[in-house]
Amino acid sequence: MYRNDQASVSNSAKDEETPIEDFKDADPNKASVSNSAKDEETPIEDFKDADPNKEQPDEIPENIRKATEQADDLEVTFWDFAGQELYYSTHQVFFNRRAVFALVFDMSKKLEERCEVQDFSKKRQSRFHDFNGEDFIKFWLQSIYTYAAQDSADDKGYPPIFIIGTHKRDSAVEEEVVKDQLFAILEGKQYEKYVRRQFHFLENDPTKQQQPCDEEALKSMKDAVAKAAINAPHMKEQYPIKWLQFHKAVIETLGTGDNKPYITLEETRELAAECNITDESQFITMLGLYHDLGTIIWFGEDKILKNTIILDPQWLIDVFKAVITVLPNEQQASHASSHFR
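Here's a quick rundown of the structure. Within any chain, residue numbers begin from 1 and follow the written order of that chain's sequence. Predicted model: local features are reported for residues with pLDDT of at least 70 only, side-chain atom pairs are reported and counted for 80 or more only, and whole-chain, interface and lining totals are derived from all residues. Calculation of side-chain values draws on the structure's entire complement of heavy atoms; hydrogens and water are dropped beforehand.

### Topic: a nonpolar patch on the surface
A residue counts toward a patch only above 30% relative accessible area and without a salt bridge, and it is joined to like-charged neighbours within 9 Å or, for Val, Leu, Ile, Met, Phe, Trp and Tyr, to nonpolar neighbours within 5 Å. The method behind every accessible area is Shrake-Rupley, applied with a 1.4 Å probe, and residues are considered shielded solely by the protein chains displayed. A carboxyl oxygen of Asp or Glu within 4 Å of a side-chain nitrogen of Lys or Arg is what we treat as a salt bridge. A cluster of nonpolar side chains, namely Tyr-262, Trp-315 and Val-319, defines an oily patch on the protein surface of about 240 Å² accessible area. Tracing the chain through its elements places Val-319 in helix α9 (residues 313–323). Think of it in three bands: with a 1.4 Å probe and only protein chains considered, a residue is buried below 20% of the maximum accessible area for its type, exposed above 50%, and partly exposed in between. A relative accessible area of 31% means that Val-319 is categorised as partly exposed. The helix and strand labels rest on DSSP assignments: H or I over at least four residues marks a helix, E over at least two residues marks a strand, and numbering proceeds from the N terminus.

### A look at the side chain of Asp-292
If you trace the backbone, Asp-292 turns up in helix α8 (residues 280–293). Pairing of N or O atoms within 3.5 Å defines a polar contact, subject to two protein rules: one partner must be a possible hydrogen donor and the other a possible acceptor, and residues neighboring in sequence count only if both atoms are side-chain atoms. There is a polar contact of 3.4 Å between the side chain of Asp-292 and the side chain of Arg-98.

### Thoughts on the pairing of strand β5 (residues 161–166)
Within β5, 6 of the 6 residues are buried, which leaves the element mostly enclosed by the surrounding structure. A two-sided burial pattern is seen for β5, the buried positions comprising Ile-161, Ile-163 and Gly-165 on one face and Phe-162, Ile-164 and Thr-166 on the other. Note that β5 and strand β6 (residues 200–201) share 2 bridges and pair parallel. Within β6, the residue paired with Gly-165 across the bridge is Phe-201. Crossovers are described as right-handed under a simple rule: with the strands pointing away from the observer, the path leading from the first strand over the helix to the second runs clockwise. Since β5 and β6 lie parallel, the crossover through helix α4 (residues 175–186) that links them has a hand, and here it is right-handed. Two strands qualify as a pair provided DSSP detects at least 2 bridges between them.

### Some remarks on the packing of helix α3 (residues 133–149) against α4
The geometry of a pair of packed helices is captured by two quantities: the angle between their axes and the separation between those axes. Axis definition: a line fitted to C-alpha atoms, limited for helices to the stretch in contact. Angles are taken between N-to-C directions and run from 0 to 180 degrees. Interaxial distance between α3 and α4 falls to 11 Å at its minimum, and their mutual angle equals 45°. The angle between α3 and α4 falls in the class oblique. For the pair α3 and α4, the crossing hand works out as right-handed. Seen from α3, the contacting residues are Glu-134, Ile-137, Lys-138 and Leu-141; seen from α4, they are Gln-181, Leu-182, Ile-185 and Leu-186. Three categories are distinguished: nonpolar for Ala, Val, Leu, Ile, Met, Phe, Trp, Tyr, Cys and Pro, charged for Asp, Glu, Lys and Arg, and polar for the others, with Gly belonging to the last. For the contact of α3 with α4, a count of residues per class yields 5 nonpolar, 1 polar and 2 charged. Throughout this description, any angle smaller than 35 degrees is read as roughly parallel, any larger than 145 degrees as roughly antiparallel, any in the 65 to 115 degree range as roughly perpendicular, and the remainder as oblique. Whether a crossing is left-handed or right-handed is set by the direction in which the near helix is turned from the far one by less than a right angle, anticlockwise for left-handed and clockwise for right-handed. Residues count as neighbours in contact if any of their non-hydrogen atoms are within 4.5 Å of one another.

### Section: the pattern of salt bridges
In this structure the tally under the stated criterion is 12 salt bridges. Between Arg-98 and Asp-292 there is a salt bridge; the shortest N-O distance is 3.4 Å. Within this pair, whereas Arg-98 is found in the loop between α2 (88–91) and β4 (101–106), its partner Asp-292 is found in helix α8, the two being separated by 194 residues in sequence. Look at Asp-292 and you get buried, because its relative accessible area is 5%.

### Overview of α8
Each residue after the first adds 1.5 Å to the expected span of a helix. Here α8 is 14 residues long and its end C-alpha atoms lie 20 Å apart, about the 20 Å a rise of 1.5 Å per residue gives. The element α8 is extensively covered by neighbouring structure, given that 12 of its 14 residues are classed as buried. Within the sequence span of α8, burial applies to Gln-282, Phe-283, Ile-284, Thr-285, Met-286, Leu-287, Gly-288, Leu-289, Tyr-290, His-291, Asp-292 and Leu-293.

### Some words on the sheet that holds β5
The 3 strands lie next to each other as β4-β5-β6, forming an open sheet whose pairing is parallel. Each edge of the open sheet carries a strand with a single partner, namely β4 and β6. α3 rests against β4 and β5 of the sheet, and its axis sits at about 170° to β4.

Pasting the structure below:
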């Protein structure tokens, strides 16, 4: 058996989207998005006590052996989400209940102050054009709840959400005022129990940092995030060794001559069979796990997309970038004019 000690901020997708207006002053009893029905997955625990003499790999791969020897180490995968509205529809792909979320805001601006939002064009105004800081915090908290927390059965506040303020030395108001505003945003909302009550206010400009207090604030934030990740319910889950063999096979598949970033569900099933994973419920549960960890991307709830397994999540991001691109304001005019010369 292999114990999981890896935290990953990765992915989850749902079919429906809540109207923007619901995120501003939403009634906590009404602003809930109904997720599409999930296929029943067998709990991982049902596979951890498998007969060691039956269908087990002949040997433990070296990378897995080293990981078990360093079980106290924490490995974290970071996803940094783009802030422009055009990218919002892609974010839900990387939200899931195994993640640790950091919601960052600029303290140099008042939360009630209207935010500067980049419009797509002079003809089309952004849906967020009248949003202030509070509105955006509500929007992101509701998004995390909808796509990552709503389907979690955990009662201990997982996935955890950390609210982090930057530009502390240029804060527009006193820290205590900001805290009161944040508590007011959380009060009575569905996402309240997921937000850690210790807010972290940091100075991220090295030229304005005051030692040693800013170093201590940064360390406190890092320690809090690491502790939340280590104590997550899924961190001590045990998986069959053959699941790790499958992971190794996926990496080797990416390194083949074809080097395809995706394979079909049937090809994935054949790959799993080579690792002695033949039970369908175990196969589906394993894919769901690696999807959550960000190792693969698999939209198991979609009738069409479920037939494709994306082996390289970075490839999908690159595809998004090729299709959806927001240029800086100063480049947009010259980029558009080049098409009319």
